[in-house]
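Structural description and commentary
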Amino acid sequence: MAELILVADIGGTNARFALAERDNGAVSVRQVKKFRAEDFETLRDAAGAYLEAAAAAPASACFAVAGPVTAEIVDFTNSPWVLDVADMKKTLGVEQFHVVNDFEALAAGVPALGKENFLDVKPGEGDPVAPILVMGPGTGLGQALIVPFEGKVRVIPTEGGHVGFAPQSDEEIAIMKFILRDHDRVSAERILSGRGLVNLHRALCAIDGASFTPIEADKITEAAINGDGPAQKTLNLFCSLLGRAAGDAALATGARGGVVLGGGILPQIRDFFLKSAFTAQFLAKGRMRDYLADVPVRVIVTDGAALVGAAVMART
């Protein structure tokens, strides 16, 4: 009989909870519920609210969290929430409680997802014995590797989203200088995330002498899709820089097995994204272009993929 598992995908903006079962390698997820972090004072309150509504008593739990997991107290990179592992295990009343990085969970779930959960961005055969890079913009810029190992795969979480941003034009240098007014370092995540999209929009408006009204990332993408000029310029640059960053990351990690893009932004702009310069910038590596020429790129278009990964990684 399959054992019931509480799984969660906890980002800087939203927390998703679900009940999962594993049976002979197959994973099923149900009763998915999304909560906004700002609506709950603590993560414990959010988890308690979900279990009360689900009327379930899982035997184990696995939480995928947006940030490095290096201690029993987890501070979220882009959220005021704190996860005390021992306290949460006691609160949930589970026998096993496992905490993993959110992109580690997303990567773990990729092999369990069907083809219908992906959208092809760039064709390619890929190298079956090389790593697969999983990355994507959301509240932050997550990154992990799927590495073939002795007939199985090993997932390696990374903090690759925090590498430095490398501008390659006068405009991009101006953008970096603009962001440096507020931060002492400009990482890729300062550009390629929800907040990064806002940073880009502010910077471009200032550089172009256009009026700027404070606007959230989802409103920028909505305006771009509806034809707003400044928003379209912002989103086009965002997609181009994401392509460059993904290509750089694939070069750095040897990820010739493929690139899988996740995160919450790309599924919302899929048509705009597919028409963007992402692929051109992904391949624009000078003499290393051929190294990436056969690397396939896909984007995850289903919601809750990290919940599947959390179920895969749960210890029962």
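Structure: see above.
The text that follows walks through the structure, step by step, so that each part is easy to find. (Residues numbered from 1 in each chain as written. Predicted model: local features only at pLDDT ≥ 70, side-chain atom pairs only at ≥ 80, totals over all residues. Heavy atoms only, no water.)

Topic: the overall build of the protein
Threshold: Here a helix means four or more residues in a row that DSSP labels H or I, a strand means two or more in a row labelled E, and each is numbered from the N terminus. Note that the radius of gyration is over C-alpha atoms, with the globule rule given as 2.2 Å times the number of residues to the power 0.38. Burial classes follow relative accessibility: with a 1.4 Å probe on protein chains only, a residue under 20% of its type's maximum area counts as buried, one over 50% as exposed, and anything between as partly exposed.
Within the protein, the secondary structure is distributed over 11 helices and 13 strands. The C-alpha atoms of the protein give 20 Å as radius of gyration, which agrees with the globular expectation for 316 residues (20 Å, within 12%). Along the longest, intermediate and shortest principal axes, the C-alpha atoms of the protein span 60 × 45 × 35 Å. Out of the 316 residues belonging to the protein, those deemed buried represent 50%.

Looking at helix α6 (residues 217-225)
Test applied: The directions from the helix axis to the C-beta atoms are what the arc is built from. Contact definition: two residues touch when any of their heavy atoms are within 4.5 Å.
Among the residues of α6, Ala 217, Ile 220, Thr 221 and Ala 224 are the ones counted as buried. Down the axis of α6, the buried side of the element spans an arc of 95 degrees, and every buried residue falls inside it. If you follow the buried residues of α6, they end up packed against α5 (194-208), α7 (229-253) and α8 (270-274). A positive phi of about 100 degrees marks Gly 227, the residue just after α6.

Here's the deal with the nonpolar core
In plain terms, the rule: Here, the term nonpolar core denotes a set of buried Ala, Val, Leu, Ile, Met, Phe, Trp, Tyr and Cys residues that are joined through side-chain atoms within 4.5 Å.
Ile 191, Leu 261, Phe 273, Phe 278 and Phe 282 are the most contacted members of the largest nonpolar core, which totals 46 residues. Of the residues forming this core, the biggest block, 10 residues, is contributed by α7. Apart from residues no more than four positions distant in its own chain, Phe 273 is found in contact with Val 121, Cys 239, Leu 242, Leu 261, Leu 266 and Phe 278. Counting 29 residues, the second-largest nonpolar core is a separate cluster that includes Ala 105, Ile 146, Ala 305 and Val 308.

Digging into the sheet that holds strand β13 (residues 297-300)
Threshold: When DSSP finds two or more bridges between two strands, those strands count as paired. To obtain an axis, a line is fitted to C-alpha atoms, over the contacting stretch when the element is a helix, and the angle between two such axes runs from 0 to 180 degrees between their N-to-C directions.
Taken together, the 6 strands give an open sheet; going across it, the order is β8-β13-β12-β9-β10-β11, and neighbouring strands pair in mixed fashion. Strands at the two margins of the open sheet, each flanked by one partner only, are β8 (118-122) and β11 (152-158). Strand after strand, the sheet turns through a mean of 25 degrees between neighbouring axes, direction not considered. Here 4 bridges tie strand β9 (residues 132-137) to strand β12 (residues 258-261), and the two strands are oriented parallel to one another. Looking at β12, one finds that Leu 133 is bridged to Val 259. Packing against the sheet, helix α3 (residues 102-109) makes contact with β9, β10 (141-149), β11 and β13, and its axis sits at approximately 45 degrees to β10.

A closer look at the packing of aromatic side chains
Definition in use: Side-chain rings of Phe, Tyr and Trp, where Trp is taken by its six-membered ring, are said to pair if the distance between their centres is within 6.5 Å; with planes under 30 degrees apart they count as stacked, over 60 as edge-to-face, and otherwise as tilted. In this scheme, the term charge over a ring applies when either NZ of a lysine or CZ of an arginine sits within 6 Å of the ring centre and within 35 degrees of the ring normal.
Under the criterion given, the structure shown has 7 aromatic pairs. Ring centres of Phe 17 and Phe 63 lie 6.0 Å apart, and the angle between their planes is 75 degrees; this geometry places the pair in the edge-to-face category. Linking Phe 17 in strand β2 (residues 14-23) with Phe 63 in strand β4 (residues 60-65), this pair joins segments that are 46 residues apart in sequence. A relative accessible area of 0% means that Phe 63 is categorised as buried. For the pair Phe 273 and Phe 278, a centre-to-centre distance of 5.0 Å together with 55 degrees between the ring planes defines the contact as tilted. In terms of burial, Phe 273 and Phe 278 fall into one category: buried. Put simply, the rings of Phe 17, Phe 35, Phe 40, Tyr 50, Phe 63 and Phe 97 pair up and form one aromatic cluster. Over the ring of Tyr 291 we find Arg 256, and its NZ or CZ is 4.8 Å from the ring centre. Over the aromatic face of Phe 118 sits the side chain of Arg 298, whose NZ or CZ is 4.1 Å from the ring centroid.

Structural measurements only, silent on function.
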